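Residues per chain are reported as follows:
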Amino acid sequence: MKTRLAFTLAVTLLFFSSNALAVTKIKLGVATKPGSAQNIAAEKFKELIEQRSNKKFEVKIYHSASLGNETEILQQVQMGTIQMAIITGGPFDTFDPITRVVNYPFLFKDNAQADKILDGPLGAQVLKSLESSGFKGLSFSENGFRNLTNSKRPVKSPDDIRGLKVRVMASAIHKAIWKALGANPTPMPWPIYTELEQKVIDGQENPLWVMEVYKFYEIQKYMTLSRHVYSYHIDVASLKWWKTLDKTDQDMIQKAIYEAAVYQRNDNRSKDADRLTLLKEKGMQIVENPDIDAFRAKVADLKDMNIYKDPKVQDMLLKIMEAVK
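1. Quick look at the packing of helix 2 (residues 37-52) against helix 10 (residues 247-270)
Right, on to step 1. Orientation of helix 2 relative to helix 10, taken along the N-to-C sense of each, is 140°, at an axis distance of 8 Å. As summarised for this structure, helix 2 and helix 10 are arranged oblique, according to the angle between their axes. At the point where helix 2 passes helix 10, the crossing takes the right-handed sense. Taken together, the residues of helix 10 that come into contact with helix 2 (itself represented by A37, I40, A41, K44, F45, L48, I49 and R52) are M252, I253, K255, A256, I257, E259, A260, Y263, Q264 and D267.
Right, on to step 2. Broken down by class, the residue content of the contact of helix 2 with helix 10 amounts to twelve nonpolar, one polar and five charged.

Dropping the structure here:
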């Protein structure tokens, strides 16, 4: 009898101890290399969630497009083969058109305004909408304000853009922006250094950190501080996977990824002045005060495009445009 009791007790202890030690592994996909904006948020999230969960959660970051480009990563998140991802806003618009509203040109005047909208009720509605496509939208981290670079000539006004072959993301609104500005927009997955170097494309548009980390100053002589789009990342989880977690774990992950996003935004912004200095030292010719009013005028009618005709999308765009007046 004592032997049976001891055996039962041992099995019970083993059961509880093994459950206590159970580890949930999180695959987190990004398309960029270490040191990039997405990776900084991913690494901070890994640090926070592993520490706070006492290693109940273990995060493996798959960087440098090792799981595919951003669209391919999102498809795997939908299926649940990847649990989480940090992805540039543009590729989302093929999954849920409501994300197009945040990519609208010249929408936000500065970082504070972007944070107010995206961290508030309107941003929460955009994240919630992603559930219809199989994503749990968790938070917004950032790329930053996008600027044009090219190897042909200085760009001070839209007239200087005419005919430039500019790489854009696979995004309807980004293609429309550059077509309206007179460029030849060319969708192309990341990375694009070789294509720029070989002059397959003349230019590209991205935030300042990209010029530094990917060394575009080696192959792009001209940059214009156009700040035409506030480029965001959406930090997402697979909705299929998310529903398997209990509320306590969901709350822990939600809090950790939001804190990681805020950390990454602040880190990104604190480095921009030094990046601009570096790019000048590396020989880039930078137009710091282009004719922004002329740029705005060229894209003013984009809100009437078919991609914004969906009532849900149109309503959200008008709400945000009203909120940022």
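2. A closer look at helix 2
Right, on to step 1. Between the first and last C-alpha of helix 2 there are 23 Å, a value that for 16 residues agrees with the 22 Å anticipated at 1.5 Å per step.
Right, on to step 2. Within helix 2 the residues assigned to the buried category are A37, Q38, N39, I40, A41, A42, K44, F45, L48, I49 and E50.
Right, on to step 3. Looking at the residues trailing helix 2, positive phi occurs at N54, about 55°.

3. Quick word on the packing of aromatic side chains
Right, on to step 1. Taken as a whole and assessed by the stated rule, the structure comprises twelve aromatic pairs.
Right, on to step 2. Aromatic pair F140 and Y232: ring centres 5.7 Å apart, planes at 70°, arrangement edge-to-face. You can see F140 sitting in strand 4 (residues 135-145) and its partner Y232 sitting in strand 10 (residues 230-238), a full 92 residues away along the chain. The pair F140 / Y232 is uniform in exposure class, with both members buried.

Rules used throughout
Residues numbered from 1 in each chain as written. Predicted model: local features only at pLDDT ≥ 70, side-chain atom pairs only at ≥ 80, totals over all residues. Heavy atoms only, no water. Axes fitted to C-alpha atoms, helices over the stretch in contact; angles between N-to-C directions. Helix = DSSP H or I, 4+ residues; strand = E, 2+ residues; numbered from the N terminus. Parallel < 35°, antiparallel > 145°, perpendicular 65-115°, else oblique. Left-handed = near helix turned anticlockwise from the far one by under 90°. Contact = heavy atoms within 4.5 Å. Nonpolar A, V, L, I, M, F, W, Y, C, P; charged D, E, K, R; others polar. Expected span 1.5 Å × (residues − 1). Buried < 20%, exposed > 50% of the residue type's maximum accessible area, 1.4 Å probe, protein only. Phe/Tyr/Trp six-rings, centres within 6.5 Å; stacked < 30°, edge-to-face > 60°.

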